[in-house]
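# Inside the fold
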Amino acid sequence: MSKKKEIKTNAMRLLDTMKIPYEQHTYECKEFKDGLQIADTMGQPYEKVFKTLVAVGSSKDYYVFVIPIAKELDLKKAARIVGEKSMDMLPVKEINRVTGYIRGGCTSIGMKKQYVTRIDDSAAPQTTIIVSGGSLGSQIELAPDDLVRATGAEYADLVKQDAS
């Protein structure tokens, strides 16, 4: 009986080095899937699965935002929170150059450089959340405060409010 070799990403190696506990989830993935598809594939509630977005401020500095998969980043709030005049999403074609990760495998843990990172405050009260594991088909489940510790992040109100 052969055991399938577990593939470690940069994010997982960093968590191991920091002695931060996590659970790796894998799923079949040959091409980019959005967060909702991933949550459905894994049978996870949307509120527990978070996506990692990279934006660039008017200063040309990069910022990382971790928000629930079913929500949209409020760029005005995000800019205000990090002290920028304005903020735009990083073009998809630049993700690998800036982060070292690919679209669909981008995580705030273990990027090429440690950027200012904010995690939506809806993560804080949860026991665990799920974020990208650093490659397609890989997710990491960990305590939100451990994600804060691994990335030097802070919690903030980042998402657009649903119109009632």
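This section reports on the structure supplied with the text. Worth saying up front: this structure is predicted, and the values here are computed from it rather than measured. (Residues numbered from 1 in each chain as written. Predicted model: local features only at pLDDT ≥ 70, side-chain atom pairs only at ≥ 80, totals over all residues. Heavy atoms only, no water.)

### So, the sheet that holds strand 1 (residues 23-26)
Reading across from one edge, 1-7-6 is the order of the 3 strands in this open sheet, with antiparallel pairing throughout. Of all the strands in the sheet, the pair left with one neighbour each is strand 1 and strand 6 (129-132). Recorded for the sheet is a direction-independent mean angle of 30 degrees between the axes of neighbouring strands. Against the sheet, helix 1 (residues 10-17) engages strand 1 and strand 7 (138-142), with an angle of about 25 degrees to strand 7. (Pairing = 2+ DSSP bridges. Helix = DSSP H or I, 4+ residues; strand = E, 2+ residues; numbered from the N terminus. Axes fitted to C-alpha atoms, helices over the stretch in contact; angles between N-to-C directions. Contact = heavy atoms within 4.5 Å.)

### Looking at the environment of R97
Assignment of secondary structure puts R97 in helix 4 (residues 95-99). Taking the C-alpha atoms as reference, R97 lies 14 Å from G110; in sequence the two are 13 residues apart. Residues within four places of R97 in sequence aside, it is in contact with Y62 and K112. At 2.9 Å, the side chain of R97 forms a polar contact with the side chain of E94. (Polar contact = N/O pair within 3.5 Å; in protein donor to acceptor, adjacent residues only side chain to side chain.)

### Side note on the nonpolar core
Core analysis: the largest hydrophobic core is formed by 27 residues, its most contacted members being L15, V131, I140, L142 and L147. Non-local contacts of V131, meaning those with residues more than four positions away in its chain, are made with F50, V66, T107, I109, Q139, I140, L142 and L147. In this structure, L53, Y63, F65 and V159 belong to the second largest nonpolar core, which totals 13 residues. (Core = buried A, V, L, I, M, F, W, Y, C linked by side-chain atoms within 4.5 Å. Buried < 20%, exposed > 50% of the residue type's maximum accessible area, 1.4 Å probe, protein only.)

### A word on helix 2 (residues 35-42)
Those residues of helix 2 not exposed but buried are I38, A39 and M42. All buried residues of helix 2 lie within an arc of 100 degrees about the axis, which places them on one face of the element. On its buried face, helix 2 is in contact with strand 1, strand 6 and strand 7. Looking one or two residues beyond helix 2, the residue adopting positive phi is G43, at roughly 70 degrees. (Arc of directions from axis to C-beta.)

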